[in-house]
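Overview (structure and organization)
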Amino acid sequence: MKGRLDSFIDRLQGTRDFDELQRHLKGLRDTFDIEHVTYHSVNSTGHQYASTTYSTDWSHQYFGEDYARIDPVVQGCFRRFHPVDWRQLDWSGKPARDFMGEARAAGVGTHGFSVPIRGPSGQFALFTISDARRDAEWERYTAEHTRDLILAAHYVNQKALELERGSDETKVQNLSPREIDVCTLLAMGQSRAQAAEQLGISEHTLRVYVESARFKLGASNTIHAVAKALSMGLLVI
């Protein structure tokens, strides 16, 4: 596997457009010896990009019906930072069960494994494999290949960012040291009163720092500002 994955990464580095990325993703399906590979990202402006080996009919149905709003994989992975086996997710609701029935009928497979990725400026992406292996075989497969799947996921995401932006670098909005202090304490779960007391400032002054950070980050409220600062790597918790 290591030699084949290294060859895939080498080919990926020279990818010049999204059509070529799609072809490489199909090749990755053979590298990992699974039925399907999917990469799906949403950037900070809400623009979506997807590259998948699923059928065209299923892809059109998924995006046309906006299934992401009920897909337990998307909803569950958005709250996680670590790889997720689909069996760990909540499929108990009727919409989720109906969705899975349609997905399996479209050939998605009985098992899936997704790697959530958070990129610059609030980008969120999922790298997913799926297959129809038996339960025990699937457990052995994911246990053996988790490291390689995480590695492939981040290389694919990096290349997608380069193709979208011309570079995987992004301009980071600077916050002042005090704004970072305030957002860090709030991110740690402290109330405004607690944060103000720890910093030795009034709550009014703290609100000024919060509003300044919110404006710089283009956030709609305090929670949004703290979340964006975390996703952009501006805070160290």
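Everything in this summary refers to the structure shown in the same document. Sequence order sets the numbering: in each chain, residues are counted from 1 along the sequence as written. At least 70 in pLDDT is required for a residue's local features to be given in this predicted model, at least 80 for side-chain atom pairs to be given and counted, and no such filter applies to totals for whole chains, interfaces and linings, which use all residues. Hydrogens and water molecules were not included; the side-chain quantities draw on all heavy atoms of the structure.

**A look at the overall build of the protein**
Heads up, the rule is: Secondary structure follows DSSP: runs of H or I at least 4 residues long count as helices, runs of E at least 2 residues long count as strands, and numbering of each begins at the N terminus. Only protein chains enter the accessibility calculation, which uses a 1.4 Å probe. A residue is then buried if its area is under 20% of the maximum for its type, exposed if over 50%, and partly exposed in between. Every residue pair with non-hydrogen atoms within 4.5 Å of one another is taken to be in contact. Note on areas: Shrake-Rupley with a 1.4 Å probe; residue coverage comes only from the protein chains shown.
Along the protein, the regular secondary structure elements total 10 helices and 5 strands. Taken along the three principal axes of its C-alpha coordinates, the protein extends 60 × 45 × 35 Å. Per-residue burial over the protein gives 43% buried out of 237 residues. Taking all contacts inside the protein whose residues are at least 6 apart in sequence as the whole, residues at least 24 apart take part in 59%. Summed over its atoms, the accessible surface of the protein is roughly 12,700 Å², and 50% of this surface lies on carbon and sulfur atoms.

**A few points about the environment of aspartate 148**
By secondary structure assignment, the location of aspartate 148 is in helix H6 (residues 135–165). Given the relative accessible area of 13%, aspartate 148 is considered buried. Spatially, the C-alpha atom of aspartate 148 lies 13 Å from that of aspartate 33, the residues being 115 residues apart in sequence.

**Brief notes about empty space enclosed by the protein**
What counts here: Residues are said to line a cavity or pocket when one of their atoms sits within 4 Å of a point; the points come from a 1 Å grid over protein atoms alone, cavities being sets where a 1.4 Å probe fits but cannot get out and pockets being open sets with protein on both sides within 12 Å along at least five of seven lines. Grid points are joined across faces, edges and corners, and a volume is the space filled by probe spheres set on the points.
Throughout the structure, instances matching the rule amount to 1 cavity of 30 Å³ or more. The computed volume of the largest cavity comes to approximately 290 Å³. The wall of the largest cavity is formed by 21 residues, among which Thr38, Tyr54, Trp58, Tyr62 and Asp71 lie closest to the centre. Elements with a minimum of two residues in the lining of the largest cavity: strand E1 (36–42), strand E2 (48–52), helix H3 (56–64), helix H4 (72–77), helix H5 (94–105) and strand E5 (124–131).

**Notes on the pairing of E5**
Going by this rule: Two strands make a pair as long as DSSP finds a minimum of two bridges between them.
Most of E5 is tucked away, with 8 of its 8 residues classed as buried. On E5, burial covers both faces: Phe124, Leu126, Thr128 and Ser130 on one face and Ala125, Phe127, Ile129 and Asp131 on the other are all buried. Sheet analysis places strand E4 (residues 111–118) next to E5, joined by 8 bridges and oriented antiparallel. By the bridge assignment for E5, histidine 111 is matched with aspartate 131.

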